[in-house]
Amino acid sequence: MLLHVLRNALQVAVSLFCMSVPMIMGGLVVIENVFAWPGLGQLSLKAIVKHF
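A brief structural summary.

### Observations regarding the packing of helix α1 (residues 2–35) against helix α2 (residues 40–51)
Direction vectors running N to C along α1 and α2 enclose 100 degrees, while the axes themselves pass 7 Å from each other. Put simply, α1 runs roughly perpendicular to α2. Judged by residue contacts, M25, L28, V29, E32 and N33 of α1 engage L40, G41, Q42, S44 and L45 from α2. Classifying every residue of the contact of α1 with α2 by side-chain character gives five nonpolar, four polar and one charged.

### Notes on the side chain of E32
Relative to the helices and strands, E32 is located in helix α1. Among buried Asp, Glu, Lys and Arg side chains, E32 stands out as unpaired, with K46 the closest opposite charge at 9.2 Å. Separated by 2.8 Å, the side chain of E32 and the backbone nitrogen of Q42 make a polar contact. Once residues within four sequence positions are removed from consideration, E32 is found in contact with W37, P38, G39, L40, G41 and Q42.

Basis of the calculations
- Residues numbered from 1 in each chain as written.
- Predicted model: local features only at pLDDT ≥ 70, side-chain atom pairs only at ≥ 80, totals over all residues.
- Heavy atoms only, no water.
- Axes fitted to C-alpha atoms, helices over the stretch in contact; angles between N-to-C directions.
- Helix = DSSP H or I, 4+ residues; strand = E, 2+ residues; numbered from the N terminus.
- Parallel < 35°, antiparallel > 145°, perpendicular 65-115°, else oblique.
- Contact = heavy atoms within 4.5 Å.
- Nonpolar A, V, L, I, M, F, W, Y, C, P; charged D, E, K, R; others polar.
- Buried < 20%, exposed > 50% of the residue type's maximum accessible area, 1.4 Å probe, protein only.
- Lys, Arg positive; Asp, Glu negative; His and termini not counted.
- Salt bridge = Lys/Arg side-chain N within 4 Å of Asp/Glu carboxyl O.
- Polar contact = N/O pair within 3.5 Å; in protein donor to acceptor, adjacent residues only side chain to side chain.

Shown next, in the form of structure tokens:
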């Protein structure tokens, strides 16, 4: 029974995590640009700017 419950609960948890990833990445870009910290946000911003 635990396997069936866990499988259904995992689908919801993965969906919520995937929907929150863009918001987290957007926050990273803002915070890293304001405080001039190197990290994943600046790396992704440079990749996007270079692509376009």
